[in-house]
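# Residue-level structural notes
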Amino acid sequence: ACPGANILVTQPRRISALSLAHRVAQERGETVGHVVGYSVHLEHQSSPRTRLHFCTAGVARRRILETPDLPEVTHVVMDEL
């Protein structure tokens, strides 16, 4: 465990990001939007407590263009870019 970690996980499709966020939250005994969150086009569930953030490649690309150094992110996991 890494207490200060803030992980961004990209997924190629919207359904993948949503499904994984719900599955991981369920396995952790939590609801989506707390420690585990997601962002897809026009929809997101997260909070300041979110430390594992699933998103589509498009959302990740937009975040990188807005803030290239991603200061709040400690790890990036890319799936099928």
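Note on numbering: residues in each chain are counted from 1, in written sequence order. Only residues with pLDDT of at least 70 are given local features in this predicted model, and only at 80 or more are side-chain atom pairs given and counted; all residues enter the totals for whole chains, interfaces and linings. Hydrogens and water are ignored here; the side-chain numbers use all heavy atoms of the structure.

### A closer look at helix α2 (residues 57-66)
- With a 1.4 Å probe rolled over the protein chains alone, any residue whose accessible area is under 20% of its type maximum counts as buried; one over 50% counts as exposed, and the rest are partly exposed. The secondary structure listing takes helices from DSSP runs of H or I that are at least 4 residues long and strands from runs of E that are at least 2 residues long, numbered from the N terminus. Those residues of α2 that sit buried are Ala57, Val59 and Ala60. The arc enclosing the buried residues of α2, seen along the axis, measures out at 160°, which places them on a common side. Exposed residues lying more than 90 degrees from the buried face of α2 are Arg61, Leu65 and Glu66.
- Only heavy atoms enter the contact rule, under which two residues are in contact if any of them lie within 4.5 Å. Residues of α2 that are buried in the fold lie against β1 (7-11), β2 (36-40) and β4 (52-56). The arc refers to the directions leading from the helix axis to the C-beta atoms.

### As for the nonpolar core
- Counting 11 residues, the largest nonpolar core is built from Val9, Ala17, Leu18, Ala21, Ala25, Val32, Val36, Tyr38, Val40, Leu52 and Phe54.
- Only α1 (14-27), β2 and β4 provide two or more residues apiece to this core.
- The biggest single contributor to this core is α1, with four residues. We call a set of buried residues a nonpolar core when its members are Ala, Val, Leu, Ile, Met, Phe, Trp, Tyr or Cys and they connect through side-chain atoms within 4.5 Å of each other.

### Focus: the sheet that holds strand β3 (residues 43-45)
- For two strands to count as paired, DSSP must find a minimum of two bridges between them. Across the sheet, which stays open at both edges, the five strands sit in the order β3-β2-β4-β1-β5 with mixed pairing between neighbours. At either end of the open sheet lies a strand with only one pairing partner, and these are β3 and β5 (75-78). Looking at each pair of strands side by side, their axes are set apart by 15° on average, direction ignored.
- By the bridge criterion, four bridges tie β1 to β5 in an arrangement that is parallel. Bridging from a neighbouring strand, valine 9 pairs with valine 77 of β5. With axes taken as lines fitted to C-alpha atoms, and helix axes fitted only over the stretch in contact, angles between N-to-C directions fall between 0 and 180 degrees.

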